[in-house]
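# Observations on chain architecture
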Amino acid sequence: MDIEETQRRLQSLTDRAEITDLMNRYVRSLDDGVFDEEWARAFHTEDVTAEMPIGTIHGRDALTARVRRGMALFDRTVHLGTNYVIEVDGDRATVRGAQLSTHVLADGSGSGSGSGSGSGSGNVFISAGHAESTLVRTADGWRISASALRIAWTQGTPPRLPDDFTAASPARATA
């Protein structure tokens, strides 16, 4: 193996590690609940497009506002992202992975019984599906320029969406 091939392989491994780290940090950040400008810049390009079960959003500021509002529907969440398949082509990449999202509803609507912080017995809504993202390499590292969350199944009753919240699917809501 020559030096150019070694450098190419090293760059490929580095890109994949950086992209995996970005995706893991993003999914984990959904549970941290801090959706501000710093959060948005850490993960998304300014012109990001995000297709979610609660509608399609264009632009980083609009996405931040929508995620903040959507996540406020829940008292607690745990999001798991896994099985990333990453394809890198120069300064662009695509990622497809599985996402399992568990939500404890804030308003008490939904199925289940009991509440109580940390008990796990509150009104729970679970969704699972696949996340597909397009990333671009920026001066600050890899950032998500487009994403789509496609829900495969849900369990429990989703939260009641505010009247001014547009939903792509009235039976499903998650971030």
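Before reading on, note that the structure itself is shown above.
Residues numbered from 1 in each chain as written. Predicted model: local features only at pLDDT ≥ 70, side-chain atom pairs only at ≥ 80, totals over all residues. Heavy atoms only, no water.

## Structural notes on the nonpolar core
- Core analysis: the biggest nonpolar cluster contains 29 residues, and Ile19, Tyr26, Leu30, Trp39, Leu63, Val67 and Leu135 have the highest contact counts within it.
- Broken down by secondary-structure element, the contributors of at least two residues to this core are α1 (3–32), α2 (37–43), β1 (44–52), α3 (60–71), β3 (74–89), β4 (92–105), β5 (124–138) and β6 (141–155).
- Sorting elements by how many residues they give to this core places α1 first, with 6 residues.
- For Leu63, the residues in contact, after removing those within four places along its chain, are His44, Val48, Ala50, Met52 and Ile57. (Core = buried A, V, L, I, M, F, W, Y, C linked by side-chain atoms within 4.5 Å. Buried < 20%, exposed > 50% of the residue type's maximum accessible area, 1.4 Å probe, protein only. Helix = DSSP H or I, 4+ residues; strand = E, 2+ residues; numbered from the N terminus. Contact = heavy atoms within 4.5 Å.)

## Describing α3
- Along its 12 residues, α3 runs 16 Å from first to last C-alpha, staying within 8% of the 16 Å computed at 1.5 Å per residue.
- Looking only at α3, the buried set comprises Arg60, Leu63, Thr64, Arg66, Val67, Gly70 and Met71. Taken end-on, α3 shows its buried residues confined to a sector of 170°, consistent with a single buried face.
- In this structure, the buried side of α3 is in contact with α1, α2, β1, β2 (55–58) and β3. (Expected span 1.5 Å × (residues − 1). Arc of directions from axis to C-beta.)

## Re the sheet that holds β2
- Sheet architecture is open: 6 strands sit in the order β2-β1-β6-β5-β4-β3, paired in mixed fashion. The sheet is open, and its two edges are formed by β2 and β3, each paired on a single side. In this sheet, adjacent strand axes meet at a mean angle of 15° when their direction is disregarded.
- As paired strands, β1 and β6 are joined by 4 bridges and run parallel to one another. The residue bridging Glu51 from the neighbouring strand is Ala148, located in β6.
- Running at roughly 165° to β3, α1 makes contact with β1, β3, β4, β5 and β6 of the sheet.
- Each of β1, β2 and β3 touches α3; the most contacted strand, β1, lies at about 45° to it. (Pairing = 2+ DSSP bridges. Axes fitted to C-alpha atoms, helices over the stretch in contact; angles between N-to-C directions.)

## Section: the pairing of β3
- With 13 bridges joining them, β3 and β4 adopt antiparallel strand pairing. Across the sheet, the residue bridging to Arg76 is Val104, located in β4.
- Between the end of β3 and the start of β4, which pair antiparallel, lie 2 residues, with Gly90 showing a positive phi angle near 65°.

## Describing the side chain of Arg143
- Mapped onto the fold, Arg143 is located in strand β6.
- A polar atom in the side chain of Arg143 sits 3.3 Å from the backbone oxygen of Ala42.
- In this structure the side chain of Arg143 is engaged in a polar contact, spanning 3.2 Å, whose partner is the backbone oxygen of Asp140.
- Look past the residues within four positions of Arg143 in its chain and what remains in contact with it is Leu22, Arg41, Ala42, Phe43, His44, Thr45, Thr134, Leu135, Val136 and Thr138. (Polar contact = N/O pair within 3.5 Å; in protein donor to acceptor, adjacent residues only side chain to side chain.)

## Thoughts on the pattern of salt bridges
- Within this structure, the stated rule accounts for 9 salt bridges.
- With a shortest N-O distance of 2.8 Å, Arg41 and Glu37 are connected by a salt bridge. One end of the pair is Arg41 and the other is Glu37, both in helix α2 and 4 residues apart, which spans about a single turn.
- Looking at Arg41, the relative accessible area reads 40%, which means it is partly exposed.
- We note a salt bridge from Arg150 to Glu51, for which the minimum N-O separation is 2.6 Å. A residue pair is termed long-range when its members are at least 10 positions apart, and Arg150 in strand β6 and Glu51 in strand β1 qualify at 99 residues.
- For Arg150, a relative accessible area of 38% translates into the label partly exposed.
- When its relative accessible area of 34% is taken as the criterion, Glu51 is described as partly exposed.
- Linked by salt bridges that have partners in common, Glu5, Arg8 and Arg9 make up one network. (Salt bridge = Lys/Arg side-chain N within 4 Å of Asp/Glu carboxyl O.)

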